[in-house]
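Residue-level structure breakdown
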Amino acid sequence: MNQKTRFIIYGVVAIFLAVTYFIKESDKVPVLPVIGTVPDFSFTDSHGETITKANMTGKVWVADFIFTTCNMACPVMTGNMNIVHKAFRENDDVRIVSISVYPEYDTPEVLAEYASRYDANTDRWHFLTGPEESVQDIIKDGFKIGDYEDIIFHSEKFALVDQQGQIRGYYNGMKTEEMTKLKQDMKTLINEK
């Protein structure tokens, strides 16, 4: 075999290996970073039941902070969360968690009425309330979002949490277009298990 033939064979093999590598790389699902871990928590839902971090273990979940008398950001955020809820409403691997930043007003009964406005399946979309100090702690030490000195000035972010309680992404809860990315990332986490 002469040098020219050998060069052509090596070139063909190199091209084949490069194409194979790029095909495999393009098939890889992007890995979501681990941003932090949600600490243990215990809140009361709209049924008057206790919901803890342990209830979320094994589930992909999205959390936000709202209050029912808010007439600015919260209706938009809850409307966008409802888009996510509807997409995964029948999926038992998914939960939605909306934590009230106005717990002295947002009793389980008030939260139940609020959930009904959005036709929420409250077995899978938990509207939670609890002591203000506990809400401040989870904002500060858990999700690290919002103003925990005055929690009424809450974050507009949604936090994506994986099956082990690790935060894997933040999304602007005011932007409907970010819900597409959030739903894609949720599917990525569901398929990782």
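Computed from a predicted model, the values in this text were never measured in an experiment. (Residues numbered from 1 in each chain as written. Predicted model: local features only at pLDDT ≥ 70, side-chain atom pairs only at ≥ 80, totals over all residues. Heavy atoms only, no water.)

1. Regarding the side chain of Lys53
- Positionally, Lys53 belongs in helix 2 (residues 53-56).
- Despite its burial, Lys53 remains without a salt bridge, the nearest opposite charge being carried by Asp40 at 4.5 Å.
- The contact partners of Lys53, leaving out residues within four places of it in the chain, are Thr37, Val38, Pro39, Asp40, Phe41, Gln164 and Gly165. (Helix = DSSP H or I, 4+ residues; strand = E, 2+ residues; numbered from the N terminus. Buried < 20%, exposed > 50% of the residue type's maximum accessible area, 1.4 Å probe, protein only. Lys, Arg positive; Asp, Glu negative; His and termini not counted. Salt bridge = Lys/Arg side-chain N within 4 Å of Asp/Glu carboxyl O. Contact = heavy atoms within 4.5 Å.)

2. Quick word on the environment of Arg168
- Along the chain, the position of Arg168 falls in strand 8 (residues 166-172).
- For the pair Arg168 and Val62, spaced 106 residues apart in the sequence, the C-alpha separation amounts to 10.0 Å.
- Filtering out sequence-adjacent residues up to four positions away, Arg168 remains in contact with Val31, Leu32, Pro33, Val34, Ile35, Leu160, Asp162, Leu189 and Glu192.
- For Arg168, the side chain forms a polar contact with the main-chain oxygen of Leu32, separated by 2.8 Å. (Polar contact = N/O pair within 3.5 Å; in protein donor to acceptor, adjacent residues only side chain to side chain.)

3. Description of the nonpolar core
- Ranked by internal contacts, the top residues of the largest apolar core, which has 49 residues, are Phe41, Trp61, Phe143, Leu160, Leu182 and Met186.
- The residues contacting Trp61, other than those within four sequence positions of it, are Val38, Phe41, Met56, Arg95, Val97, Phe143, Ala159, Leu160, Val161 and Asp162. (Core = buried A, V, L, I, M, F, W, Y, C linked by side-chain atoms within 4.5 Å.)

4. Remarks on the sheet that holds strand 7 (residues 157-161)
- Strand order in the open sheet formed by six strands is 1-8-7-4-5-6, and the pairing between neighbours is mixed. Looking at which strands have only one partner, the edges of the open sheet turn out to be strand 1 (36-37) and strand 6 (125-128).
- Where strand 5 (residues 94-100) lies against strand 6, four bridges are found, and the strand directions are parallel. Bridge pairing in strand 6 links Ile96 to Trp125.
- Helix 6 (residues 178-192) rests against strand 4 (60-66), strand 5, strand 7 and strand 8 of the sheet, and its axis sits at about 165° to strand 8. (Pairing = 2+ DSSP bridges. Axes fitted to C-alpha atoms, helices over the stretch in contact; angles between N-to-C directions.)

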